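Descriptive structure summary
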Amino acid sequence: MQENRKREIRIKTDSFRSNCKISKYGIIDLFKECDKLGYKLLRYPLDENAVLGFTVKKEEDIIIFTNSSSRLSREIFTLAHEIGHILLHLVDENPFMDDNVTISDKNSDEKEQEANYFAASLLMPSEDILRFIDLEIPNFPKNGLTAMDIARMMSEFNVSFDMTLNRLESLGIIDSNQKLRLDNEKIEKKVGNLLRNSGGNARLNVASKEINIPYEYIDYAIYNYNHNAIPQETLEKVLNYYHLSMEDISDKLITYSYDDDDNLEDLIGGLDD
């Protein structure tokens, strides 16, 4: 990716981030930021090996899906990646199915590389990383970084251990040998243990299994049911996601009744219509 394109992307990430609620270093809740922007966010635990996420524009709605079977840190990166697609690439109704998204810059697809760069810059801006190291790891120039330092950093920025290493390497803060050493230390000590021992957010390392479906999709399902586009079984499945039953929405359902004297042709229209 050329440097002028990287600069264009960083300008967009800075603009987006300026409207987000930030902690000392990282975005507090990227999922809530989507709600503020009016994006229709769906989170559902499909399966750990299923599609990670996608974005699609339907008329005036921008819909983002993230798979909450992924580790929370992975899901947050997916969401940032999808926001990158929205701001950089989304035109008309072109979808982005990101089942092969990685958290490195090695993906050969140009748009995927750009969305990854957007996500990394959004979640871990270089200036904030340097500020964290300066204020929180004063012995860094002499002693370098430990896996515990990486765990603290990932917790502050709400990212994964691997993404933190990739970002630090891409910025030249660590080299490939240091990255390998830290990765080996991660394997030996386990990320969950590192997070707990550092007082970090251990939830980042597990899947949230969150089910978040905007309530307006109930109206879509009811409309389709009332117009015979979906069977009752499908509507019941949709309602089950919201812990509702058919009785709970009975006032919104259309019940068709016909008098014996009604002419069938008047009801369904003539064959020549």
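Here the structure is a predicted model, which is why all the values come from computation and not from measurement. (Residues numbered from 1 in each chain as written. Predicted model: local features only at pLDDT ≥ 70, side-chain atom pairs only at ≥ 80, totals over all residues. Heavy atoms only, no water.)

Quick look at the overall build of the protein
Across its full length, the protein carries 13 helices and four strands. With 273 residues in all, the protein has 43% of them scored as buried. The contacts of the protein with a sequence gap of at least 6 include a subset with a gap of at least 24, amounting to 64%. (Helix = DSSP H or I, 4+ residues; strand = E, 2+ residues; numbered from the N terminus. Buried < 20%, exposed > 50% of the residue type's maximum accessible area, 1.4 Å probe, protein only. Contact = heavy atoms within 4.5 Å.)

Description of the packing of aromatic side chains
Throughout the structure, instances matching the rule amount to four aromatic pairs. Aromatic pair Y25 and F132: ring centres 5.1 Å apart, planes at 75 degrees, arrangement edge-to-face. You can see Y25 sitting in the loop between α1 (3-17) and α2 (30-37) and its partner F132 sitting in helix α5 (residues 126-136), a full 107 residues away along the chain. Exposure remark for F132: the relative accessible area of 1% places this residue in the buried category. With a centroid separation of 5.4 Å and 25 degrees between ring planes, the pair formed by F54 and F65 is classed as stacked. One end of the pair, F54, is in strand β2 (residues 53-58); the other, F65, is in strand β3 (residues 61-67), with 11 residues separating them in the sequence. On the accessibility criterion, F54 (23% relative accessible area) is partly exposed. The class of F65 is buried, set by a relative accessible area of 7%. We note R43 situated over the ring of F31; from NZ or CZ to the ring centre the distance is 3.7 Å. (Phe/Tyr/Trp six-rings, centres within 6.5 Å; stacked < 30°, edge-to-face > 60°. Lys NZ or Arg CZ within 6 Å of the ring centre and 35° of its normal.)

A closer look at the environment of S23
Position of S23 relative to the elements: it lies in the loop between α1 and α2. In the structure, S23 is positioned 134 residues away from F157 in sequence and 8.8 Å away in space, judged by C-alpha atoms. Setting aside anything within four residues of it in sequence, one finds S23 in contact with I28 and E156.

A look at α1
For α1, built from 15 residues, the straight-helix expectation of 21 Å at 1.5 Å per residue is met to within 8% by its first-to-last C-alpha distance of 21 Å. Buried within α1 are the following residues: I9, T13, F16 and R17. For α1, the arc enclosing every buried residue in end-on projection is 90 degrees, short of the 170-degree limit, so these residues lie on one face. Exposed side of α1, more than 90 degrees from the buried face: E3 and R7 are the residues found there. Where α1 is buried, its residues contact α2, α3 (72-88), α4 (110-123) and α5. (Expected span 1.5 Å × (residues − 1). Arc of directions from axis to C-beta.)

With respect to the side chain of E112
Here E112 shows up in helix α4. Lacking a salt bridge, the buried E112 has K111 as its closest oppositely charged neighbour, with an N-O distance of 8.4 Å. Side chain to side chain, E112 and H81 meet in a polar contact 2.9 Å long. (Lys, Arg positive; Asp, Glu negative; His and termini not counted. Salt bridge = Lys/Arg side-chain N within 4 Å of Asp/Glu carboxyl O. Polar contact = N/O pair within 3.5 Å; in protein donor to acceptor, adjacent residues only side chain to side chain.)

So, the pattern of salt bridges
For the structure on display, the rule yields 17 salt bridges. Between R17 and D128 there is a salt bridge, with the nearest N and O atoms lying 3.6 Å from each other. Of this pair, R17 sits in helix α1 while D128 sits in helix α5, and the two are 111 residues apart along the sequence. Looking at R17, the relative accessible area reads 11%, which means it is buried. The buried category is assigned to D128, whose relative accessible area is 11%.

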